[in-house]
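# Inside the fold
Next come the chains, spelled out residue by residue.
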Amino acid sequence: MNNQDLTDEDREEILRLILSEADGIDVKAELGKYPQPSRNLFRRVVREGGLVTSGDLSSDASGESRFVAPVKLTPRGRRRLQELNTPREGTE
């Protein structure tokens with residue numbers, strides 16, 4: 001699976017997982033299902049988009065981008081995470 005193969009649902013799930021990660025939830029196994037470039041892109045986007053505050057982003061030995069502490073969801077990021085965690089009508 002590469003970035004072009006991702007569906008809108010995949011992108012929303014990656015966003016939900018990245019925001020959950022920033023909120024201190026261990027989602028490593030779930031995030032591992034998606035390509036590393038996508039995970040890295042979403043971490044950068046949520047930080048630059050003002051959904052997460054962190055010291056910066058750093059890359060580990062494998063090239064995985066990580067938030068540098070302190071990491072915190074902004075009020076806007078928290079609202080977006082709540083929206084993503086709320087089941088949509090007709091999906092259950």
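Every value quoted in this text rests on a predicted model; they were computed, and no experiment measured them.

## So, the nonpolar core
- Counting residues in hydrophobic clusters, the biggest one holds 18 residues, and the most contacted among them are L15, I18, L19, V46 and V52.
- Of all elements in the fold, only α1 (8-22), α3 (36-48) and α4 (75-85) reach the threshold of two or more residues within this core.
- Residues contacting V46, with those up to four places away along its chain left out, are L15, I18, L19, L51, V52 and F67.

## What about the pattern of salt bridges?
- One pass over the structure, following the stated rule, counts eleven salt bridges.
- Across the salt bridge formed by R16 and E13, the nearest N and O atoms sit 2.8 Å from each other. Of this pair, R16 and E13 both sit in helix α1, three residues apart, which is roughly one turn of that helix.
- The residue R66 makes a salt bridge to D60 at a minimum N-O spacing of 3.8 Å.
- In the salt-bridge network here, residues are joined through shared partners; they are E21, R39, R43, D60, E64 and R66.

What counts and what doesn't
- All chains use their own residue numbering, which begins from 1 and follows the written sequence.
- This being a predicted model, a pLDDT of at least 70 is required before a residue's local features are given, and a value of 80 or more before pairs of side-chain atoms are given or counted; all residues contribute to the totals for chains, interfaces and linings.
- To get the side-chain values, take all heavy atoms of the structure and skip hydrogens and water.
- Among buried residues, those of type Ala, Val, Leu, Ile, Met, Phe, Trp, Tyr and Cys that are joined through side-chain atoms within 4.5 Å constitute a nonpolar core.
- Under the scheme applied here, a residue whose accessible area is under 20% of the maximum for its type counts as buried, over 50% as exposed, and between as partly exposed, the area being computed with a 1.4 Å probe on protein chains only.
- Only DSSP runs of H or I with at least four residues qualify as helices, and only runs of E with at least two residues qualify as strands; both kinds are numbered from the N terminus onward.
- When checking whether two residues touch, look at their non-hydrogen atoms; a contact exists if any pair is within 4.5 Å.
- The working definition used for a salt bridge is a side-chain nitrogen of Lys or Arg within 4 Å of a carboxyl oxygen of Asp or Glu.

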